[in-house]
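Report on the structure
So the chains spell out like this:
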Amino acid sequence: MTGKILNYYAGGNTARGFHNLFSSNISGLDRLFILKGGPGTGKSTLMKSIGKKWNEEGYDVEYIHCASDNGSIDGVILRELSIGIVDGTAPHVIEPKAPGAIEEYVNLGEAWDSKKLAKSKNEILKLSESISADFQKAYETFHEALLIHDEWEEIYIMNMDYNKANKLTDELMHLFFSKKVNKQANVYHRFLGAATPKGAVDFVPNLTEGLNKRYLIKGRPGSGKSTLLKKLAANAEASGYDVEIYHCGFDPNSLDMIIVRELGFAIFDSTAPHEYFPERPGDSIVDMYEKTIKRGTDEKYFDSLKEISGRYSQKMKEAISFLAAAKDNHDDLEKIYIAAMNFSILDAIQTRLDQEIERLVAAKQK
C-alpha cells in the first residue's frame, strides 16, 4: 500500500524577488541531505526516485516543487522518517545548523567531466548571465504589478466596514478554536501556488484532500482575506494546533490559506488565479465582499476597476514571459551539463544515498 503524497512550493518567484520558505519545512529533521551540482546533474530525478521508492513502501512523501521549472522538484521530505533531501544550489541555498550531525552535502558534481565543461565555458557564462537577467526582469515586472494591485486594493479598503470584518474574524475563531490543546504547535510556512514559466500553478486539491471542511474565501483585492487568515493562523498556533500557513506566491507578505489537519479543515482565498468553487460535502463559502464591503462598490468604481485590472493582467503576463525565457535558457544550459555527465557515477551516488537512508530507517526501527 502506497503512502500519501503532499505537493507544495517552498520557494517562489514573487514581486519581492525570489522568496525562500524552506526553513520551517526542514526544521526538526534528524537527517538532511543537501544536493550540490549544476543544472542537468540529476538532482530532481534523484529526489523523485527516492521519494517514489519510499512512497511505494507505504510512507507519506512531501514533494517540494520548483517554481522555475514545472517538471522539477526542489526537495523531498519523508517526515515520518525525519529525513529530507533538498536542492542546495542557488537561489535556495540551505545553511546547515549541525553539519555532519544533521546535514550532509552530496556532490553530484563528482559525475561531470570538467574538461568537457571547460570547452563550453563561454557559452555557460553567457547563458547564466541571460538567466539572471531574465529573472531580474521578471521580479521587477512583478513588483510593477504589485504597485498596480495596491491601487486595486485601495478602492475596496476605502469601502470596508472594519467592525464587520472583525466580527466575522471573531466568529470564525470561536468556530475553529473553541478548545485549546496543551502542546507546542508545529508551524510550516509554504506557498499556496507559484508563478511559473507556464503561468500560475497551485496544488489546492491535493493539499486539501481528505479534509472534512473547506472554507472558500471569496472577495476582492483589499477586502481583508489575508488579514483574516493571519489572525486565524496566529490563533491556531496559540491554541496549540499544528498549522500549515500558505503564503501568496505573488506577494509573500500576504497569506492565501491555512490548514489545521488536527481539526480537519482548510480555509483559503478562492479567487483568481487559484479560483475554486464548492464541489464536495463540507465545502462552504465565506464571502468577504458581501460581509465587509459597502454595497454597490463594484458598480460605483466599475470603469476604474476595469482599467486597473487590465493593467495588472498585462504586467503579470509580461512577468511570466520573462520566467519562460529564463526556463528556455536554463534548458540550453542543462544540455551542456547533461552531455558532460557520467551517469554511471551518478547512479553510484544515488545507490550510496539509498543505502544510507535504508541504514537510518533500520536504526530507527530497532
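The preceding data block contains the structure.
Attention in this report is confined to the structure presented alongside it.

Each value, and the rule that gives it
Residues numbered from 1 in each chain as written. Predicted model: local features only at pLDDT ≥ 70, side-chain atom pairs only at ≥ 80, totals over all residues. Heavy atoms only, no water. Phe/Tyr/Trp six-rings, centres within 6.5 Å; stacked < 30°, edge-to-face > 60°. Buried < 20%, exposed > 50% of the residue type's maximum accessible area, 1.4 Å probe, protein only. Helix = DSSP H or I, 4+ residues; strand = E, 2+ residues; numbered from the N terminus. Core = buried A, V, L, I, M, F, W, Y, C linked by side-chain atoms within 4.5 Å. Contact = heavy atoms within 4.5 Å. Disulfide = S-S within 2.5 Å. Polar contact = N/O pair within 3.5 Å; in protein donor to acceptor, adjacent residues only side chain to side chain. Expected span 1.5 Å × (residues − 1). Axes fitted to C-alpha atoms, helices over the stretch in contact; angles between N-to-C directions. Parallel < 35°, antiparallel > 145°, perpendicular 65-115°, else oblique. Left-handed = near helix turned anticlockwise from the far one by under 90°.

Counted under the stated rule, the structure contains 15 aromatic pairs. Between Trp54 and Tyr59 the ring centres are 5.7 Å apart and the planes differ by 65 degrees, which places this aromatic pair in the edge-to-face class. With respect to class, Trp54 is no different from Tyr59; both count as buried. Ring centres 5.5 Å apart and planes at 65 degrees place the aromatic pair Trp152 and Tyr312 in the edge-to-face group. Taken as a pair, Trp152 in helix α4 (residues 121-157) and Tyr312 in helix α10 (residues 302-339) lie far apart in primary sequence, 160 residues in all. Look at Trp152 and you get buried, because its relative accessible area is 16%. Through pairs of rings, three or more aromatic residues link up here, namely Phe176, Phe177, Tyr215, Tyr241 and Phe265.

Right, let's get into the nonpolar core. Formed by 36 residues in total, the largest nonpolar core has its most connected members in Phe142, Phe250, Tyr312 and Leu323. Residue assignment for this core shows that the elements contributing at least two residues are α4 and α10. At 13 residues, the largest contribution of residues to this core is made by α4. Beyond its immediate sequence surroundings of up to four residues, Phe250 is in contact with Thr14, Ala15, Phe142, Ala145, Leu146, His149, Tyr312 and Met316. Core analysis: the next-biggest nonpolar cluster, separate from the first, contains 29 residues, Tyr8, Ile94, Phe203 and Ala266 among them.

The next thing to look at is the state of the cysteines. Following the criterion strictly, the structure yields zero disulfides and no others. Between Cys66, a free cysteine, and Cys248, which holds the nearest cysteine sulfur, the sulfur-to-sulfur gap is 18 Å. With relative accessibility at 12%, the residue Cys66 sits in the buried group. Here Cys248 falls in the buried class, since its relative accessible area comes to 14%.

Let us look at the side chain of Glu244. Checked against the element boundaries, Glu244 lands in strand β13 (residues 243-247). Here the side chain of Glu244 touches Arg261 through a polar contact of 2.6 Å, side chain to side chain. Excluding residues that lie within four positions of it along the chain, Glu244 makes contacts with Tyr188, Arg190, Met257, Ile258, Ile259 and Arg261.

A word on helix α2 (residues 43-56). For α2, which comprises 14 residues, the first-to-last C-alpha distance of 20 Å matches the rise-based estimate of 20 Å (1.5 Å per residue) to within 8%. The elements touched by buried residues of α2 are β1 (5-9), β4 (31-36), β5 (61-65), β6 (73-78), β7 (83-87) and α11 (343-365). Looking at the residues trailing α2, positive phi occurs at Gly58, about 105 degrees.

We now examine the packing of helix α5 (residues 162-176) against helix α7 (residues 225-238). At their nearest, the axes of α5 and α7 sit 10 Å apart, and the two run at 30 degrees to each other. Relative to α7, α5 is oriented roughly parallel. Crossing geometry of α5 relative to α7 is assigned as right-handed. Contacts between α5 and α7 involve Asn166, Thr169, Leu172, Met173 and Phe176 from the first element and Leu228, Lys231, Leu232 and Asn235 from the second.

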